[in-house]
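If you want the building blocks of each chain, they are given just below.
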Amino acid sequence: MPTTRTPAPPRRQVYRRKRRRHRPWLWFLPAAALLALAVAILLHDAAPAPQAAPAAKPGDAPSEPQDTRIVVAVDPGHGGVNPNIGSEDYGAEGCGLRECDITLQTARLLCAKLEADGRFRPLLTADGSAYLKPSQRAELAKNGGAQLLVSIHLNYDTSAASGFECYAAPPHLATNADSLRFARLVADEFSALGLTLRGGSSGVRYMYFDEYDNRIFTDADDTTVHTGWPTYTVVESSGCPAVLCEEGFISSAGDMEILSGEDGCAAAAEAYYRSIAAYFFPET
C-alpha cells in the first residue's frame, strides 16, 4: 500500500522592516522656524510706524504761496481827531490847503504805484479815519515787516521860506547809513521837480530833541553821535531805514503849485516811487 505523504505546511512569508535612518538635524527645523518668527516680530515692533498725512478737513483752504514782495511803509502825516487838542489834526494850513489832505492823497497814489510795480507791498500806516500817534504808526510799520518807511509831511513858515528837506535816521541809530542813502535819493527826485533843497543845499538833515525837549537841527554831514537825544519817533522806532520828508512849504504858493492838486500829488508820488525803486534796485 502506497505510503501517504502528509503535505508540508506552507511557508510563512517573512516581511523584514527596513531600518530607518536617523536624521537628528530635522528636530531643529521647528525650533529654527519659531526663532525666525520671533526675530521678525521684534524687528517689526522696533521699526517706526509710518506717519500718515493729516487728512484735509472739509472747508480747509489750500496753502497760499509765500509773499516775497518788499514791504514799504507809507506814512501820511496828520489826519484824524487828535484827543489832545479835541479836534481834527489837519497839520499845517496855508494857501487854502490842509496838510493832511495833500499828504494822504500823495500817500495813496504812491501806494498804488508800488502795488502796480509788483515787487512791492505797500503798507499805509494811516488813512485819515482815526488819529494815530507817531509811536502807533511806527509800531504798525515794524509789526508789518516794513523794510523801508517814508513819512510824508509839509512845512510851514510865516516868512517866504520854501523848498524840500528831509530827516534821516541820525548817526546813533543802526539804520543811519541806509536811511541817509534813501534820503539823498528822495532829495534828488524833488530837486528834479523844481524844489529848492534846504539843509546845506543837500536837502538832507538830522533832527534831535535835546534834554530840554528843544529841537536841534544839523546837516547830514555832521556825524556827531548825540547819545540820549532822540529823533522823530516814526523814524526812530519803525525798526527799518526811515526818512521823514517835509516835501515843501504849504505856506509857499510856489511850492504848492508843484505839489498840490491832482497833478502835484501825482508828481510827488512818482518822485517817491522812483526813489524807492532806486534804493532797492540801484542797478535799474
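Residues numbered from 1 in each chain as written. Predicted model: local features only at pLDDT ≥ 70, side-chain atom pairs only at ≥ 80, totals over all residues. Heavy atoms only, no water.

Undergrad: I tried to follow the overall build of the protein on my own but got confused; where do I start?
TA: From N to C terminus, the protein includes 8 helices and 11 strands. The long-range fraction of contacts in the protein, counting pairs at least 24 apart against all pairs at least 6 apart in sequence, stands at 73%. Roughly 17,900 Å² of accessible area belongs to the protein as shown, and the carbon and sulfur atoms make up 54% of that amount. (Helix = DSSP H or I, 4+ residues; strand = E, 2+ residues; numbered from the N terminus. Contact = heavy atoms within 4.5 Å. Areas by Shrake-Rupley, 256 points an atom, 1.4 Å probe, with all protein chains shown as cover.)

Undergrad: Can you help me understand helix α2 (residues 99-117) in this one?
TA: Count 3.6 residues to each turn of an α-helix, and residues three or four apart come out pointing the same way. With 19 residues, α2 ought to run about 27 Å at 1.5 Å a step, and its terminal C-alpha atoms sit 27 Å apart, in line with that. Considered for burial, the residues of α2 that qualify are Glu99, Cys100, Ile102, Thr103, Leu104, Thr106, Ala107, Leu110, Cys111 and Leu114. Two residues or fewer after α2 comes glycine 118, characterised by a positive phi angle close to 95°. (Expected span 1.5 Å × (residues − 1). Buried < 20%, exposed > 50% of the residue type's maximum accessible area, 1.4 Å probe, protein only.)

Undergrad: Which parts of the structure should I look at to understand the packing of aromatic side chains?
TA: For any pair of aromatic rings, the description consists of the separation of the ring centres together with the inter-plane angle of the planes. A complete count under the given rule lists 11 aromatic pairs for this structure. Measuring from centroid to centroid gives 4.9 Å for phenylalanine 164 and phenylalanine 190, while their planes differ by 10°, and the two rings are stacked. Taken together, the residues span a long stretch of sequence, with phenylalanine 164 in the loop between β7 (148-155) and β8 (165-168) and phenylalanine 190 in helix α4 (residues 176-192) at a distance of 26 residues. Classification of phenylalanine 164 as buried rests on a relative accessible area of 0%. Centre to centre, the rings of tyrosine 279 and phenylalanine 280 are 4.8 Å apart; their planes meet at 85°, and the pair counts as edge-to-face. An aromatic cluster is present here, built from Phe120, Phe182, Tyr279, Phe280 and Phe281 joined pairwise through their rings. Positioned above the aromatic ring of phenylalanine 281, the side-chain terminus of arginine 119 is 4.2 Å from the ring centre. (Phe/Tyr/Trp six-rings, centres within 6.5 Å; stacked < 30°, edge-to-face > 60°. Lys NZ or Arg CZ within 6 Å of the ring centre and 35° of its normal.)

Undergrad: Looking at this structure, how should I read the environment of leucine 114?
TA: With respect to the secondary-structure elements, leucine 114 resides in helix α2. Overall, leucine 114 belongs to the buried group, its relative accessible area being 0%. In contact with leucine 114, other than residues within four places in its own chain, are Val72, Val74, Phe120, Pro122, Tyr273 and Ile276.

Undergrad: What's the story with the sheet that holds strand β1 (residues 70-76) in this structure? I'm lost.
TA: Backbone-to-backbone hydrogen bonds pair the strands of a sheet. The strands run either parallel or antiparallel. Spatial strand order, β6-β1-β7-β11-β8-β9-β10: 7 strands in an open sheet with mixed pairing. Both edges of this open sheet fall to β6 (120-124) and β10 (215-219), since each of them pairs with a single strand only. With direction set aside, neighbouring strand axes in the sheet form an average angle of 30°. Where β7 lies against strand β11 (residues 242-249), 6 bridges are found, and the strand directions are parallel. Among the inter-strand pairings, serine 151 is bridged to a residue of β11, identified as leucine 244. (Pairing = 2+ DSSP bridges. Axes fitted to C-alpha atoms, helices over the stretch in contact; angles between N-to-C directions.)

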